Amino acid sequence: MARPVSGAGPDQDILRTEILPDPGAVAIRAAERIARVAREAVTERDLCALAFSGGATPWGTLRALAEEDVPWDRVHLFQVDERVAPPGDPERNFFHLTEALIDRIAISSANVHSMPVDVEDLDAGARSYEAILRQIAGTPPVLDLVQLGLGEDGHTASLFPGDAALQVIDADVAAGGLHKGWRRMTLTFPAIDRARCILWLVTGSGKSEALGRLRAGDRSVPAGRIRGDRAVLLADTAAAGDR
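Residues numbered from 1 in each chain as written. Predicted model: local features only at pLDDT ≥ 70, side-chain atom pairs only at ≥ 80, totals over all residues. Heavy atoms only, no water.

Caption draft 1: Main features of the packing of helix H1 (residues 23-45) against helix H2 (residues 58-65). Here H1 crosses H2 at 55 degrees, and the two axes come no closer than 8 Å. In terms of axis orientation, H1 runs oblique to H2. Pair H1 / H2 crosses with right-handed handedness. Along the contact surface, H1 presents Val26, Ala27, Ala30, Ala31, Ile34 and Ala35, while H2 presents Gly60, Thr61, Ala64 and Leu65. (Axes fitted to C-alpha atoms, helices over the stretch in contact; angles between N-to-C directions. Helix = DSSP H or I, 4+ residues; strand = E, 2+ residues; numbered from the N terminus. Parallel < 35°, antiparallel > 145°, perpendicular 65-115°, else oblique. Left-handed = near helix turned anticlockwise from the far one by under 90°. Contact = heavy atoms within 4.5 Å.)

Caption draft 2: Looking closely at unusual backbone geometry. Residues Thr139 and Pro140 are joined by a peptide bond in cis, for which omega reads -5 degrees. With respect to the element layout, Pro140 can be found in the loop between helix H4 (122-137) and strand S7 (145-148).

Caption draft 3: Quick peek at the pairing of strand S10 (residues 198-202). Among the 5 residues in S10, 5 count as buried, and that is most of the element. Here S10 shows a buried face lined by Ile198, Trp200 and Val202 and a second buried face lined by Leu199 and Leu201. With 3 bridges connecting them, S7 and S10 associate as parallel partners. Bridge assignment links Gln147 to a residue of S10, and that residue is Leu199. (Buried < 20%, exposed > 50% of the residue type's maximum accessible area, 1.4 Å probe, protein only. Pairing = 2+ DSSP bridges.)

Caption draft 4: Main features of empty space enclosed by the protein. A full pass over the atoms with the stated rule returns 1 cavity of 30 Å³ or more. In this model, the largest cavity occupies a volume close to 40 Å³. In terms of lining residues, the largest cavity is bounded by Phe52, Ser53, Gly54, Gln79, Asn93, Phe94 and Leu97. Ranked by residues supplied to the lining of the largest cavity, first place goes to helix H3 (residues 93-100) with 3 residues. Of the residues that constitute the lining of the largest cavity, the class distribution is 3 nonpolar, 4 polar and no charged. (1 Å grid on protein atoms, 1.4 Å probe; cavity = no way out; pocket = protein on both sides within 12 Å on 5 of 7 lines; lining within 4 Å. Points joined across faces, edges and corners; volume = space filled by probe spheres on them. Nonpolar A, V, L, I, M, F, W, Y, C, P; charged D, E, K, R; others polar.)

Caption draft 5: Here's a closer look at the packing of aromatic side chains. Applying the stated criterion across every chain, the model contains 1 aromatic pair. With centroids separated by 6.0 Å and ring planes inclined at 80 degrees, the aromatic side chains of Phe78 and Tyr129 adopt a geometry described as edge-to-face. Within this pair, whereas Phe78 is found in strand S4 (residues 75-79), its partner Tyr129 is found in helix H4, the two being separated by 51 residues in sequence. Using a relative accessible area of 0% as the deciding quantity, one classes Tyr129 as buried. (Phe/Tyr/Trp six-rings, centres within 6.5 Å; stacked < 30°, edge-to-face > 60°.)

Caption draft 6: Structural context of the confidence of the model for the protein chain. The predicted model of the protein chain has a mean per-residue pLDDT of 93, with 94% of residues at 70 or higher. Contacts for the low-pLDDT stretch residues 6-12, under 50 throughout, to residues beyond four places or in other chains number 23 contacts. (pLDDT = per-residue confidence, 0-100.)

Caption draft 7: The nonpolar core, seen in detail. If you look at the biggest cluster of nonpolar residues, it comprises 46 residues, and the most contacted ones within it are Leu143, Leu187, Ile192, Trp200 and Leu211. In terms of residue count, the dominant contributor to this core is H4 (6 residues). Among the nonpolar cores identified, the runner-up in size contains 34 residues, and Ala41, Cys48, Trp72 and Leu77 belong to it. (Core = buried A, V, L, I, M, F, W, Y, C linked by side-chain atoms within 4.5 Å.)

Structural data, given as structure tokens:
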């Protein structure tokens, strides 16, 4: 059974949190929520814009989402972040987004927007991706839902501790520096914070310390800088620990 709890630091709005038994339960609950957001957005605005993060945690959610009732013909899919790797490389987040979701649903290729990390000028690529965001989601772009993960070091998206992308406040997409052998492209804090809904998915005992910092609103880690009033956190018991 899910256990609703809440957590907040003194400078952060309450982060609505639901603790579920295991990663499978997190995936199912997340897919249900994303599908509901998509249906409501299409009903209200005739369009939905979703953005998904990399990492292994979302894969189960994406597969479960493919089984949900979603008006995919009115949905646009974006990436939160991507590694600078060749097209088709399993290190690309888009590789797994395709395998787990895109290949399993009836969606037009025109509604799928991969980050252009194979261009020579990554800054220009970031600007072109921002232009697509604006074309689909308005100026400034407002995504209906941004799904985020959490690293053990407290990073989210590809906003890593100490990276120059953390300081970008005048653009919605930025090229980051080298991290564990890869450069990245990422949505910035302004783009994420503007979303109508932010959905955190956190599983595994290795995330326990970082999760505690996130729920405490610890702004010394990148994840702690994301606004909490539009956010929902789904975590499993292993990640939540005794908190």
